[in-house]
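Residue-level structural notes
What follows is each chain in one-letter form.
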Amino acid sequence: LIAAAKAQGSEALALTDLGNLYGAIEFYQECKKAGVKPILGVDMALAAPEDASQQSGGRLVLLAETQTGYQNLLKLITAANLAEHEGEAKATREMLEQHKDGVIALVPKQYKEQLAKYKNIFGDDHFYTDMPMQEAYYLEPGDRRAWETLRAIGNHGPSDTALEEDEELHLHTVAHMKELYSEEALAKTNHIAERCNVELVLGKFIFPEFPLPKDKSADDVLRDLCFAGLKVRGLENNPAAIERLEYELGIIKFKGYAAYFLVVEDLIRFASENGIYTNIRGSVAGSMTTYVLQITKIDPLEYKIPFERFLNPERPSAPDIDMDFADDRRDEVIDYARRKYGAAHVAQIGTFGTMLARGVVRDVARALGYPYGLGDHIAKEIPFGSQGFPMTLDRALTENPELAKLYKAEADVRNIIDLGKKIEGCVRHVGVHAAGVVIAPKPLVEYAPLQLDPKGGKIITQYDMYSVGEDGVGLTKFDFLGIRNLTILANAVSLVNKLRHMSLDIEAIPLDDP
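Below is a short write-up of the structure. Here the structure is a predicted model, which means the values were calculated and not measured.

Inspection of every chain in the model, using the stated rule, returns 32 salt bridges. For D101, the salt bridge is made with K100, and the minimal N-O distance between the two is 3.4 Å. Between R269 and E265 there is a salt bridge; the shortest N-O distance is 2.8 Å. In this pair, R269 and E265 are both assigned in helix α11 (residues 258–273), 4 residues apart and thus about one turn of the helix distant. On the accessibility criterion, E265 (7% relative accessible area) is buried. Each of the salt bridges in this network shares a partner with another, and the network as a whole consists of E265, D266, R269 and K340.

This brings us to the pairing of strand β2 (residues 37–46). For β2, the buried fraction is high: 9 of the 10 residues fall into the buried class. The sheet contact formed by strand β1 (residues 12–18) and β2 spans 7 bridges and is parallel. Its bridge partner being in β2, D17 is matched across the sheet by V42. Pairing between β2 and strand β3 (residues 59–64): 5 bridges, direction antiparallel. Within the sheet, the bridge partner assigned to G41 lies in β3 and is L63. With 2 bridges joining them, β2 and strand β4 (residues 90–91) adopt parallel strand pairing. Of the residues in β4, the one forming a bridge with L46 is A91.

Basis of the calculations
Residues numbered from 1 in each chain as written. Predicted model: local features only at pLDDT ≥ 70, side-chain atom pairs only at ≥ 80, totals over all residues. Heavy atoms only, no water. Salt bridge = Lys/Arg side-chain N within 4 Å of Asp/Glu carboxyl O. Helix = DSSP H or I, 4+ residues; strand = E, 2+ residues; numbered from the N terminus. Buried < 20%, exposed > 50% of the residue type's maximum accessible area, 1.4 Å probe, protein only. Pairing = 2+ DSSP bridges.

Structure (structure tokens):
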């Protein structure tokens, strides 16, 4: 989209998805790279007033004019999504009044008369009913069928080929826009684009606000805990351990990561004190700091594991400690984080399920009204991909001669696969990241829009792990992994203790125990 807009000479581009900001950060970043001005906004459904004769409250296109406007869009979208009117996010008049500052409202032509009353919310210079607006849902006119099919997949029904047939919903060229609208009308869009100036600060680490004594910094508290932990580990008189710890603490202080270690230590300690089995994996095993904090269970000196693979002065990314918890008690730890930092400061991270080769042919076949067996037959001819290298339809046609033969011989198969290629990789649904949780120093709505998990009702971020994390907004992601094996282990130990009338501590079993 951005490349196409740039190629045709567009200087600014607005992203106004329906009731969400899912793509806002990536859109902003890619626009900046391409030298196109990003305008962040939302196409917002409105709740119909109780005394209204219309079933629909209409829609407003809301654009962030300023940084305050962007912050208000975060809050408005969150409020509308958490309220959830009949499955769709809808903003009430009260919500608009609360979050109007720094926001420009554009009224689609079909709602011009119905929504004229909203002018008194935004004011004359922030409310426009005659703005040329050309919605673009796909790039080329030839992509329309793929877009309709994608809509049908989302609606779990057959594709309607006659849907809004006269509407042009592709990305219009500048020349075509000049044919459709007068110079005076187009000048208004340039004026709006000039007014919208939002500069996001991205890629700056934002750590949770860990409670500290008044006279101590995070580095002071971390140091105290570590040297107390040396005694617990029996290493208080070990010069090599002390030297290694001092070295690590120096790097942690230099990088400003002390608060991160304090948060993780606190979470692991809560789990340990409440009998929740935990485990830590990965390069963090090379840290003496985490060993003396009881986060990890392996002495890095004894096993000669280097610290630098986990953290070093040159590494630009924040430390990443994957925390494993018994899967039947993981939510207890997340609830503890909510109590400690405030429910408004903690949320699980949203994620997007995309259309992969096998699934997309089944979805397309169903959307086009073909029998289930045809889509299933094609899908079974598509080889499985491997981790990190998902199978694509193009690869499948190359790797499986039988699929290629079907493609050449049968028009229906060709139709399904060709449409599948166009929507392969598109987002199919919103879900919850298997482990990711963000904890913010201020209410999360100041950093990202929030919504309810479509399946479970949990509050999740609309930004995915890349947009909400260190490459985007900058919030610190904590991985709370639910591991079934830890639950099995905990249950096994509980049974042994019960049946043998003993108190088994598996952490105290020597490695050479026969």
